[in-house]
Amino acid sequence: MPEVGSVVLPGDVITDLKGSESSGKTVLGPGLRIDSQNVQDERNEIVVCKPGILRHRDPNVYWVDSHQKRYIPTKGDSIIGIVTIKSGDNFRVDIGSNELASLSYLAFEGATKRNRPDVKIGDLVYARIVVANKDMEPEIVCIDSMGRSSGLGVIREGGFLLHCSLNLVRKILSKECPLLKLLGSTLPYETAIGMNGRIWIKGRSTVETITIINAIEKSEFSSNEQIKAMVRQTMDHLSGF
Amino acid sequence: MEAKQKAKANLSKHLLQMKFMQRSALRVQKEEYEQDKCIDDEHWKRDIVVLKPKQNKFVLEPSYTYCEELRFGRMSHKGFNPEIEKLMTTQDRDLDLVRAEEHEKETSVNDEEMAKRYSSLVGTIAKKFTKRQNEKPVDSDESEEGEIMASVRNSKKKRYTYSVTSEKHIERKQKYVKQKT
């Protein structure tokens, strides 16, 4: 039985997972599957299906943290897509997965049949995945359940789009990572981070944008302390010391 | 009355489809629906077979966002985009609330358990009291009596003081009246 924090490989069997105290259920995140052969005999065997590090979050969540560049659509993820085809009622959006996602022209804030949103081919959209199924093409929307945009929508005011690994995105979005806050404490900037490994950054000037991009790229394999030092250094550099 | 109702029920479909019959058509539909519902309720009650819920200990959650508690990816810093910044603060607050609630659910005792515990607790506490009463029944009686007496005394005092003040008040009033006259 591999322990939490150790490397696991596809095929490894995991037993003795902690359940929640109240319901006794265990949440299996990405990289873990229930062995379909053993579902009937109720032997609780969990099989790893991604190489990576087994992680655990209290009280009952387990998942495998793996290095990955290919994005696999997951329901609820917010992603950055590039509009590639305009076909009738739907836009077809490249989200970095095996298939193009479809985005209805009605799935924008304030859009009606008469009032079409102004989306052109090549535009970036920050959207949320609502349908992610292995047998169907993913479907994305730019509104929340209340019909408001809540940060989603077309991104059009310049900036820079960075492609990176999915790990980096997860790393900088995690609560422990100080990078974005540190950068934001000295530089005003705006960002949209897609779970599909795309980061859009816009600073006041091109130089600042590039600085931020570099800082993000450098932080992929460094610890929080290293990130702090690195940000301090780059900021000093930027201000001409 | 009955004849009328029957007549209503027997209105033909084509007639009910006409525009001026829409309201009655709706009513007829509603009645039918309610009837169906009544029948359905009984029907289901009879047919329920107690099935043991399939034990599924696992919940699949394919999203990293949930597992790693990731933040929302749209951000703005130092007032670059005030709209987004406003959104960020509200989202942070909401998230905190949700997480606190979840945490509470996980750690707190739910109503049923509370009720169960209390029912047993009542029994144990009651036992304690009966024991004490058995040990020194005279004591407890005395103390009770004492308390009652004290309360009675207090109330008497109050009444007394009240009466005194009222008498004084009256005297003062009388003096005032005399002075005026």
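All values reported here derive from a predicted model rather than from experimental measurement. (Residues numbered from 1 in each chain as written. Chains lettered and ligands numbered in written order. Predicted model: local features only at pLDDT ≥ 70, side-chain atom pairs only at ≥ 80, totals over all residues.)

Q: Could you clarify how one ought to interpret the overall build of chain A in this entry?
A: Each helix and strand counted, chain A has four helices and 16 strands in total. For chain A, buried positions account for 36% of its 241 residues. (Helix = DSSP H or I, 4+ residues; strand = E, 2+ residues; numbered from the N terminus. Buried ≥ 20, exposed ≤ 12 C-beta atoms within 10 Å, placed from the backbone.)

Q: Before we go on, may I ask you to explain the overall build of chain B in this structure?
A: Counting its secondary structure elements, chain B contains seven helices and two strands. Going from N to C terminus, chain B has its helices and strands arranged as α-α-α-β-α-β-α-α-α.

Q: Explain the nonpolar core to me, please; I cannot follow it from the model alone.
A: Looking at soluble globular proteins, one finds that nonpolar side chains tend to be buried together. All names here are of chain A. L103, A127, V169, I172, L179 and L183 are the most contacted members of the largest nonpolar core, which totals 60 residues. No other element matches strand 11 (residues 124-133), which puts six residues into this core. Contact partners of L179, with chain neighbours within four places excluded, come to I172, A215, I216, S219, I227 and V231. (Core = buried A, V, L, I, M, F, W, Y, C linked by C-beta atoms within 7 Å. Contact = placed C-beta atoms within 7 Å.)

Q: In this structure, what is going on with the packing of helix 2 (residues 179-186) of chain A against helix 4 (residues 224-238) of chain A? I would like to understand it.
A: Working note: a packed helix pair is described by the angle between its axes plus the distance between those axes. Residue and element names in this part refer to chain A. One way to put it is that helix 2 packs onto helix 4 with a least axis distance of 10 Å and a crossing angle of 25°. The pairing of helix 2 with helix 4 is recorded here as roughly parallel in orientation. Crossing of helix 2 over helix 4 shows right-handed handedness. Along the contact surface, helix 2 presents L179, L182, L183 and T186, while helix 4 presents I227, K228, V231 and M235. (Axes fitted to C-alpha atoms, helices over the stretch in contact; angles between N-to-C directions. Parallel < 35°, antiparallel > 145°, perpendicular 65-115°, else oblique. Left-handed = near helix turned anticlockwise from the far one by under 90°.)

Q: Explain the packing of helix 3 (residues 206-218) of chain A against helix 4 of chain A here, please?
A: All names here are of chain A. The N-to-C vectors of helix 3 and helix 4 enclose an angle of 160°; their axes lie 11 Å apart at closest approach. The orientation of helix 3 relative to helix 4 falls into the category roughly antiparallel. Both helix 3 and helix 4 take part in a crossing whose hand is right-handed. Mapping the contact onto sequence places T211, A215 and K218 in helix 3 and M230, V231, T234 and L238 in helix 4. Of the residues that constitute the contact of helix 3 with helix 4, the class distribution is four nonpolar, two polar and one charged. (Nonpolar A, V, L, I, M, F, W, Y, C, P; charged D, E, K, R; others polar.)

Q: Would you take a moment to explain the interface of chain A and chain B for this structure?
A: Buried accessible area, meaning the area lost when the parts come together, often serves as the stated size of an interface. Counting residues at the interface gives 40 residues for chain A and 28 residues for chain B. With six residues, the single largest contributor to the side of chain A that touches chain B is strand 15 (residues 189-194) of chain A. Tallied by class, the residues present in the side of chain A that touches chain B amount to 15 nonpolar, 16 polar and nine charged. Direction of pairing for strand 3 (residues 26-28) of chain A relative to strand 1 (residues 58-60) of chain B: parallel, over a ladder of three bridges. Bridge pairing links T26(A) to F58(B) in strand 1 of chain B. (Pairing = 2+ DSSP bridges.)

Q: Would you explain unusual backbone geometry in this entry?
A: For residues other than glycine, phi is negative in most cases, and the peptide bonds are mostly trans. With a phi close to 45°, S150(A) is a non-glycine residue in the positive phi region. Its location among the elements puts S150(A) in the loop between strand 12 (136-141) and strand 13 (153-155).

Q: Quick question: what am I supposed to make of helix 3 of chain A here?
A: Because an α-helix completes one turn every 3.6 residues, residues spaced three or four positions apart along the sequence face the same direction. Residues and elements named next belong to chain A. Over its 13 residues, helix 3 runs 18 Å from end to end, which matches the ideal 18 Å to within 8%, given 1.5 Å per residue. Here helix 3 has its buried residues at T209, T211, I212, A215 and I216. One face of helix 3 carries all of its buried residues, which in axial projection span an arc of 160°. Opposite its buried face, helix 3 presents the exposed residues T206, V207 and E217, each directed more than 90 degrees away. Considering only its buried residues, helix 3 is in contact with strand 14 (160-163), helix 1 (166-173), helix 2, strand 15, strand 16 (198-203) and helix 4. (Expected span 1.5 Å × (residues − 1). Arc of directions from axis to C-beta.)

Q: Looking at this structure, how should I read the sheet that holds strand 1 (residues 7-8) of chain A?
A: In any sheet, the strands associate via hydrogen bonds between backbone groups, in a parallel or an antiparallel arrangement. Spatial strand order, 1(A)-6(A)-7(A)-3(A)-1(B): five strands in an open sheet with mixed pairing. Only two strands of the sheet have a single neighbouring strand rather than two, namely strand 1 of chain A together with strand 1 of chain B.

Q: Honestly, the sheet that holds strand 4 (residues 32-34) of chain A in this entry has me stumped. Any pointers?
A: All names here are of chain A. Ordered in space as 2-5-4, the three strands form an open sheet in which the pairing is antiparallel. Pairing within the sheet leaves two strands with one partner each, and these edge strands are strand 2 (13-14) and strand 4. Here three bridges tie strand 4 to strand 5 (residues 46-48), and the two strands are oriented antiparallel to one another. What sits directly across from I34, in strand 5, is I46.

Q: What am I meant to see in the pairing of strand 15 of chain A here?
A: A regular strand places its side chains on the two faces of the sheet in alternate fashion. For strand 15 of chain A, a buried count of six out of six residues is recorded, marking the element as mostly surrounded by other parts of the structure. Of the two faces of strand 15 of chain A, the one holding Y189(A), T191(A) and I193(A) and the one holding E190(A), A192(A) and G194(A) are both buried throughout. As judged from the four bridges shared by strand 15 of chain A and strand 2 (residues 74-77) of chain B, these two strands associate in the antiparallel manner. Counted as the bridge partner of E190(A) is S76(B) from strand 2 of chain B. Of the pairings in the sheet, the one linking strand 15 of chain A to strand 16 of chain A comprises six bridges and is antiparallel in character.

Q: Sorry, what's going on with helix 5 (residues 82-107) of chain B here?
A: For helix 5 of chain B, which comprises 26 residues, the first-to-last C-alpha distance of 38 Å matches the rise-based estimate of 38 Å (1.5 Å per residue) to within 8%. With zero of 26 residues buried, helix 5 of chain B lies mostly on the surface of the structure.

Q: Would you mind going over the confidence of the model for chain B with me for this structure?
A: Where the model shows low pLDDT, its predicted coordinates should not be examined in detail. Per-residue pLDDT for chain B averages 73, and the proportion of residues at 70 or more is 64%. Mean pLDDT per element in chain B: helix 1 (residues 2-9) of chain B is the minimum at 54, and strand 2 of chain B is the maximum at 92. (pLDDT = per-residue confidence, 0-100.)

Q: Even after reading the chapter, I still don't get the environment of I216(A), so can you show me in this structure?
A: Residues and elements named next belong to chain A. Residue placement: I216 occurs in helix 3. In this structure, the C-alpha to C-alpha distance between I216 and L168, residues 48 residues apart in sequence, is 8.3 Å. The contact partners of I216, leaving out residues within four places of it in the chain, are L162, I172, L179 and I199.

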